[in-house]
Amino acid sequence: HTASSPLQDLFDNKTFIHPTQTSRLSSVNLLRALRSHFTETNVTIAPLATKTEEALKLIQHTDHIVFVLLDAFGMHLCEKLPTDHILRKHLVTSMTAVSPSTTACALTSVATAEFPGQHAIFGWNSYIAEKDTHTQILPFTNRFTGKPLEIPVSEVFPAPSWISVAPNSLTITNQEHLHGVYSSYFSSGECAGYQNFEDILSIVPKHIERHIGEKTFTYAYSPEPDHTQHGEGVTHPNVAQVCEHLTTIITELVEKLKPLGARSRISVIVTADHGHIDIDKANSVFLEPTDDIYKYLKTVFSVRRKEKRGEEKRGEERREKIEDRTENREENRGRKTKE
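Keep in mind that what you see is a predicted model, and the values were worked out from it rather than measured.

A look at the overall build of the chain
Counting its regular elements, the chain contains 13 helices and 10 strands. Counting across all 339 residues of the chain, residues that qualify as buried make up 44%. For the chain, the exposed surface amounts to about 19100 Å²; the carbon and sulfur share of it is 51%.

Right, dumping it as structure tokens:
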């Protein structure tokens, strides 16, 4: 008998959920089903083939799929909606998010239909050791200087985006992100920007109207309610107000698509990349540059949003301290070897 590891214990007691050891769909199951539907990719990829096939049955008779992703609109918010609300009435299933479940990881899973361990994006901030570069992945900039990365896109995002090759795909995002490097990687097809999210009410029907008789994939992204939850907390009244506004837009979109639905088969999928939970200060740990853990790090952790002013300077100071400690460790090792 072999003693189990602490990590295995976390899976055994369900603290951690492995995607192959739960009855619930993973978001990657749905995404692989979508990829298969539009690109005829084989879904029988172990170990998720069975659940991916289940997801494919939900969409296989659809010509036009409108995939609306509301950032951080997790089940913690959906379950608070009235039972007669459109999203509660038509709830098909809940899904497990990818891990890490942050936006940079989850959105890249949307683009690739792969887990973070396969597409290699593990967070907003990443250190690329081969280039000795500290990055902010989605803006595609240096974390501390804010300058654009001078690294080939394929080296940062090694997994290809299936949305880029899906026929008649349209990616809709806020105007400020429309022409960024990440948006170009995410979808090299047709893109549209909005000033306000309700602009999708005109953009989506027009796109489907142009392609009646064909297949289309329309992806619409909203940074809300994630932004408000980060700023105000999960239970703040402003979050409920934002959710009400978003779901009103979804309801109107469904109504606008009904006339087209008489001529073609349309499905609207509303989902999220992750959920949110409030953490009180008693359960929060804030690391300082003087903490011992930095002796073992090559880069710094993320900083709190409230510290954003002066972040670049403090980040460089922390990096310099880490580099100094690294050099000292190497010098000490060298002295010990000589001794």
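Considering the sheet that holds strand β4 (residues 125-128)
The 3 strands are arranged β4-β5-β6 in an open sheet whose pairing can be described as antiparallel. Each of the sheet's edge strands pairs with one partner strand only, and the pair in question is β4 and β6 (141-142). Two strands pair when backbone bridges link them, and strand β5 (residues 133-136) and β6 are joined in this way by 2 bridges, in the antiparallel orientation. Bridging from a neighbouring strand, Gln136 pairs with Thr141 of β6.

Brief notes about the side chain of Asp71
On the secondary structure map, Asp71 appears in the loop between β2 (64-70) and α4 (75-78). Residue Asp71 is classed as buried on the basis of its relative accessible area, which comes to 2%. For Asp71, the side chain forms a polar contact with the side chain of His274, separated by 3.3 Å. Aside from chain neighbours lying at most four places away, what touches Asp71 is Thr103, Tyr221, Ser222, Pro223, Glu224, Pro225, Asp226, Asp273 and His274.

Some thoughts on the sheet that holds strand β10 (residues 266-271)
In sheet architecture, strand pairing relies on hydrogen bonds along the backbone and comes in two forms, parallel and antiparallel. Spatial strand order, β8-β7-β9-β2-β10: 5 strands in an open sheet with parallel pairing. Each edge of the sheet is formed by a strand with only one pairing partner; in this case those strands are β8 (190-194) and β10. Across the sheet, the mean angle separating the axes of adjacent strands is 15° when strand polarity is ignored. Summarising the sheet, β2 and β10 pair through 6 bridges and their orientation is parallel. In the sheet register, Val66 faces β10, and the bridge partner there is Val268. Where helix α6 (residues 103-112) meets the sheet, its contacts fall on β2 and β9 (216-222), and the angle it forms with β9 comes to roughly 170°.

Concerning a nonpolar patch on the surface
Nonpolar side chains collect at one region of the surface, where Val285, Leu287 and Ile293 lie side by side and expose about 260 Å² of accessible area between them. Relative to the helices and strands, Leu287 resides in the loop between β10 and α13 (311-338). By relative accessible area, Leu287 is classed as partly exposed at 32%.

Examining helix α10 (residues 200-210)
Among the residues making up α10, those that are buried are Ile200, Leu201, Ile203, Val204, Pro205, His207 and Ile208. Tucked inside the fold, the buried residues of α10 contact β2, β7 (169-174), β8, β9, α12 (237-261) and β10.

Remarks on the environment of Asn142
Counting through the fold element by element, Asn142 comes out in strand β6. Judged by relative accessible area, which is 19%, Asn142 ranks as buried. Sequence separation between Asn142 and Asn125 is 17 residues; the distance between their C-alpha atoms is 9.4 Å. Among the polar contacts listed, one links the side chain of Asn142 to the backbone nitrogen of Phe144, at a separation of 2.8 Å.

Here we look at the pattern of salt bridges
Inspection of every chain in the model, using the stated rule, returns 8 salt bridges. A salt bridge links Lys131 to Glu155, with the nearest nitrogen and oxygen atoms 3.5 Å apart. Here Glu155 lies in helix α8 (residues 153-156) and Lys131 lies in the loop between β4 and β5, a separation of 24 residues in the sequence. Residue class for Lys131 comes out partly exposed when judged on its relative accessible area of 39%. A salt bridge links Glu190 to Arg210; the nearest nitrogen and oxygen atoms lie 3.0 Å apart. Placement of the pair is Glu190 in strand β8 and Arg210 in helix α10, with a sequence separation of 20 residues. What makes Glu190 partly exposed here is its relative accessible area of 38%. On the basis of relative accessibility, which here comes to 49%, the residue Arg210 falls in the partly exposed class. Among the ionic contacts, a cluster of salt bridges with common partners joins Arg32, Arg35 and Glu114.

Parameters at a glance
- Starting afresh in each chain, residues are numbered from 1 along the sequence in its written order.
- A pLDDT threshold of at least 70 governs which residues receive local features in this predicted model, and a stricter bar of 80 or more applies before side-chain atom pairs are shown or counted, although totals over entire chains, interfaces and linings include all residues.
- Excluding hydrogens and water, the side-chain figures rest on all heavy atoms present in the structure.
- Only DSSP runs of H or I covering at least 4 residues are called helices, and only runs of E covering at least 2 are called strands; the numbering of each starts at the N terminus.
- Here's how the labels work: a residue is buried when its accessible area is under 20% of the maximum for its type, exposed when over 50%, partly exposed in between, all with a 1.4 Å probe on protein chains only.
- Per-residue and other accessible areas were derived by the Shrake-Rupley procedure at a 1.4 Å probe size, with only the shown protein chains allowed to occlude residues.
- When DSSP finds two or more bridges between a pair of strands, those strands are recorded as paired.
- Whenever two N or O atoms come within 3.5 Å, that pair is a polar contact, provided that in protein one can donate a hydrogen and the other can accept it, and provided that, for residues adjacent in sequence, both atoms are side-chain atoms.
- Residue contacts are defined here by distance: any two heavy atoms, one from each residue, within 4.5 Å place the two residues in contact.
- Lines fitted to the C-alpha atoms define the axes, with helices restricted to the stretch that makes contact. Angles between their N-to-C directions range from 0 to 180 degrees.
- Here a patch means residues that are over 30% exposed by relative accessible area and free of salt bridges, tied together within 9 Å if like-charged and within 5 Å if nonpolar (Val, Leu, Ile, Met, Phe, Trp, Tyr).
- Take a side-chain nitrogen of Lys or Arg and a carboxyl oxygen of Asp or Glu: if they are within 4 Å of each other, that pair is a salt bridge.

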